[in-house]
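# Remarks on the overall topology
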Amino acid sequence: LPFCRGFVYDSRNNLQMRGLVVLLISKAAGPSTEELSFQHNMVSGIYSSQRSLAEITELIHTAFLVHRGIVNIGELKSCDGPLKDMQFGNKMAVLSGDFLLANACTSLAQLQNTKVVELISSAIGDLVQGIYYENSKSPEENCLTDDISISTWKEQVFLSHSALLAKSCQAAMELAKHSAEIQDMAFQYGKHMSMSHKLHSDLQPFVKESSSDTMAFSLNSAPAVLHQEFLGREAWIKQIRELQEAIKAGKGVTSAIDLCRCHGNNALAALESFPPSEARAALANIVYAVTRFP
């Protein structure tokens, strides 16, 4: 399975945003006063241990992406393809994801920092819990009528999307022996930037000027699926477009944009604790990119 690890290290793919942020925030913070004697171990203002941490973060993220590729054999239909192929694909997804995760854990132990191991281990636990929440609904449940508050949404998104980056940013500060205050600011940046990123992604079906992808948001509950079958494909798409327009016309989109910008502002506020530099400017530009709407 060498191709799995190679996939993460291939600079041509676009799955390395988390590692890039870890490197940028490491460079923005620089060495702490306690680590000035070890500056000879730095390359371009980043410790080798912080580079390893960035790779570990990407390995963990990619491992969970691969694991999410596992399909539920019980829900497959004959038109989905041969059962043996699906079973083989599931086995490969499990093995590949486990391989990447094992490599991440081995590299994590080699950092020889107990607090960093605890932080990243807890982030892995958060990811597992977040994915469990995402997949805990059975197909028979009517997800359209679930009473989910925005606070519950935030908790679930933090676990499945923000915890890994937030705790990796904090761990990068720990590796450079920065103070608890700087570590917390790095955590806050990672948390709020990734929350803005998720909100920006969720908003795309509603803010794009010309979006033909009317199925970008999930309607996979049993009543919705059965309704589609009885109604017919064309009428179903018409209703989805009407629903999408109704959401656009309501307060949900503008409120989500406000929430996205609020998290963005919190991320920018956390950056104020770091000295001005090109790295800090790059981190700020990432926030600007995910809080900009047409």
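Throughout what follows, the structure given in this document is the object of discussion. Per chain, the residues get numbers from 1 upward, laid out in the order the sequence is written. Residues qualify for local features only when their pLDDT is at least 70, as the model is predicted, and side-chain atom pairs are given and counted only at 80 or more; totals for whole chains, interfaces and linings, by contrast, use all residues. Heavy atoms from the whole structure form the basis of all side-chain values; hydrogens and water molecules are not counted.

## Concerning the overall build of the protein
Just so we agree on the cut-off: To qualify as a helix, a DSSP run of H or I must reach at least 4 residues; to qualify as a strand, a run of E must reach at least 2; elements of each kind are numbered from the N terminus. The buried label goes to any residue with under 20% of its type's maximum accessible area, the exposed label to any with over 50%, and the partly exposed label to all in between, with areas taken from a 1.4 Å probe on protein chains only. Contact criterion: two residues are considered in contact whenever any of their non-hydrogen atoms come within 4.5 Å of each other. Areas reported here follow the Shrake-Rupley algorithm with a probe of radius 1.4 Å; residue values treat only the protein chains shown as occluding.
Within the protein one finds eleven helices and two strands. The order of α-helices and β-strands along the protein, N terminus first, is α-α-β-β-α-α-α-α-α-α-α-α-α. Within the protein, buried positions represent 41% of all 294 residues. Of the contacts formed within the protein by residues at least 6 apart in sequence, a portion of 78% connects residues at least 24 apart. About 16100 Å² of surface is accessible on the protein, with carbon and sulfur atoms providing 56% of the total.

## As for unusual backbone geometry
Phi is positive for Gln112, close to 55°, though the residue is something other than glycine. Note that Gln112 resides in the loop between α4 (83-110) and α5 (114-134).

## Regarding the packing of helix α7 (residues 180-207) against helix α10 (residues 252-271)
Between two packed helices, what matters for the description is the angle formed by their axes and the separation of those axes. Convention followed: Inter-axis angles, ranging from 0 to 180 degrees, are taken between N-to-C directions of lines fitted to C-alpha atoms, where helices are fitted over the stretch in contact. When an angle is under 35 degrees it counts as roughly parallel; over 145 it counts as roughly antiparallel; between 65 and 115 it counts as roughly perpendicular; any other value is oblique. The sense of a crossing depends on the near helix, which, turned anticlockwise from the far helix by less than a right angle, makes the crossing left-handed and, turned clockwise, makes it right-handed. Here the term charged refers only to Asp, Glu, Lys and Arg, the term nonpolar to Ala, Val, Leu, Ile, Met, Phe, Trp, Tyr, Cys and Pro, and the term polar to all other amino acids, Gly among them.
The geometry of α7 relative to α10 is characterised by a closest axis approach of 8 Å and an angle of 155° between their N-to-C directions. Relative to α10, α7 is oriented roughly antiparallel. At the point where α7 passes α10, the crossing takes the left-handed sense. On α10, the residues that touch Met185, Gln188, Tyr189, His192, Met193, Met195, Ser196, Leu199, His200, Leu203, Phe206 and Val207 of α7 are Val253, Ala256, Ile257, Leu259, Cys260, His263, Gly264, Asn266, Ala267, Ala270 and Leu271. Split by residue class, the contact of α7 with α10 holds 16 nonpolar, seven polar and no charged.

## Topic: the packing of aromatic side chains
How we decide: Aromatic rings from Phe, Tyr and Trp, with only the six-membered ring used for Trp, were paired whenever their centres fell within 6.5 Å, and each pair was classed as stacked if the ring planes differed by under 30 degrees, edge-to-face if by over 60, and tilted otherwise. Two conditions define a charge located above a ring, namely a distance within 6 Å from the ring centre to NZ of Lys or CZ of Arg, and an angle within 35 degrees of the ring normal.
Scanning all chains against the criterion turns up one aromatic pair. Their ring planes at 55° and their centres at 6.3 Å tell us that Phe158 and Phe187 sit as a pair that is tilted. Of this pair, Phe158 sits in helix α6 (residues 150-175) while Phe187 sits in helix α7, placing them 29 residues apart in sequence. In this arrangement the basic side chain of Lys191 is found over the ring face of Phe158, its NZ or CZ atom lying 5.8 Å from the centre.

## A closer look at the environment of Glu155
Note that Glu155 resides in helix α6. Residues Glu155 and Gly130 lie 25 residues apart in sequence; the distance between their C-alpha atoms is 8.6 Å.

## With respect to the side chain of Ser49
Among the secondary structure elements, Ser49 is positioned in helix α3 (residues 48-67). By relative accessible area, Ser49 is classed as buried at 19%. In this structure, Ser49 is in contact with Leu111 and Leu175, ignoring residues within four places of it in sequence.

## So, α6
The condition that has to hold: Fitting axes to the seven residues that end at a residue and to the seven that start at it, the angle between those axes gives the bend at that residue.
The largest bend in α6 comes to about 65°, at Ser162. A positive phi of about 60° marks Lys177, the residue just after α6.

## Focus: the environment of Ser160
So the rule is basically this: N or O atoms closer than or at 3.5 Å make up a polar contact, with two conditions inside protein: a donor-capable atom paired with an acceptor-capable one, and, for residues adjacent in sequence, both atoms drawn from side chains.
Following the sequence through the fold, Ser160 ends up in helix α6. The residues contacting Ser160, other than those within four sequence positions of it, are Arg68, Leu127, Gly130, Ile131 and Glu134. Separated by 2.9 Å, the side chain of Ser160 and the backbone oxygen of Gln156 make a polar contact.

## As for the pattern of salt bridges
Condition: The term salt bridge refers to a side-chain nitrogen of Lys or Arg lying within 4 Å of a carboxyl oxygen of Asp or Glu.
Per the stated rule, a full pass over the model turns up three salt bridges. Salt-bridge contacts for Lys115 lead to Glu174; the nearest nitrogen and oxygen are separated by 4.0 Å. Here the residue Lys115 occupies a position in helix α5, and Glu174 occupies one in helix α6, the gap between them amounting to 59 residues. Given the relative accessible area of 13%, Glu174 is considered buried.

## Some details on the packing of α5 against α6
At a minimum axis distance of 7 Å, the contact between α5 and α6 shows a crossing angle of 170°. Looking at the two axes, α5 sits roughly antiparallel to α6. Looking at side-chain class alone, the contact of α5 with α6 contains twelve nonpolar, eight polar and five charged residues.

## Re the environment of Leu101
Positionally, Leu101 belongs in helix α4. A relative accessible area of 18% means that Leu101 is categorised as buried. Through-space distance from the C-alpha of Leu101 to that of Thr62 is 8.7 Å; in sequence the pair is 39 residues apart. If near-sequence neighbours (up to four positions away) are discounted, Leu101 is found in contact with Ile60, Ala63, Phe64 and Ile124.

## Considering the nonpolar core
Note the cut-off: Side-chain atoms within 4.5 Å link the members of a nonpolar core, which is a set of buried Ala, Val, Leu, Ile, Met, Phe, Trp, Tyr and Cys residues. What counts as a domain boundary in this text is fixed by an automatic or database domain assignment.
Among the nonpolar cores identified, the biggest contains 47 residues, and Ile60, Tyr189 and Phe274 are the most heavily contacted of them. For this core, the secondary-structure elements that each account for two or more residues are α2 (17-29), α3, α4, α5, α6, α7, α10 and α11 (278-290). Of the residues that make up this core, three or more belong to each of domain 1 (2-203) and domain 2 (227-291). Ignoring anything within four residues of it in the chain, the contact list for Phe274 reads Ile25, Ala28, Ala29, Met173, Ile182, Met185, Ala186 and Arg280. One finds Phe206, Ile257, Cys260 and Phe293 within the second-largest nonpolar core, a separate group that totals ten residues.

Don't take any of this as a statement about function, it's just geometry.
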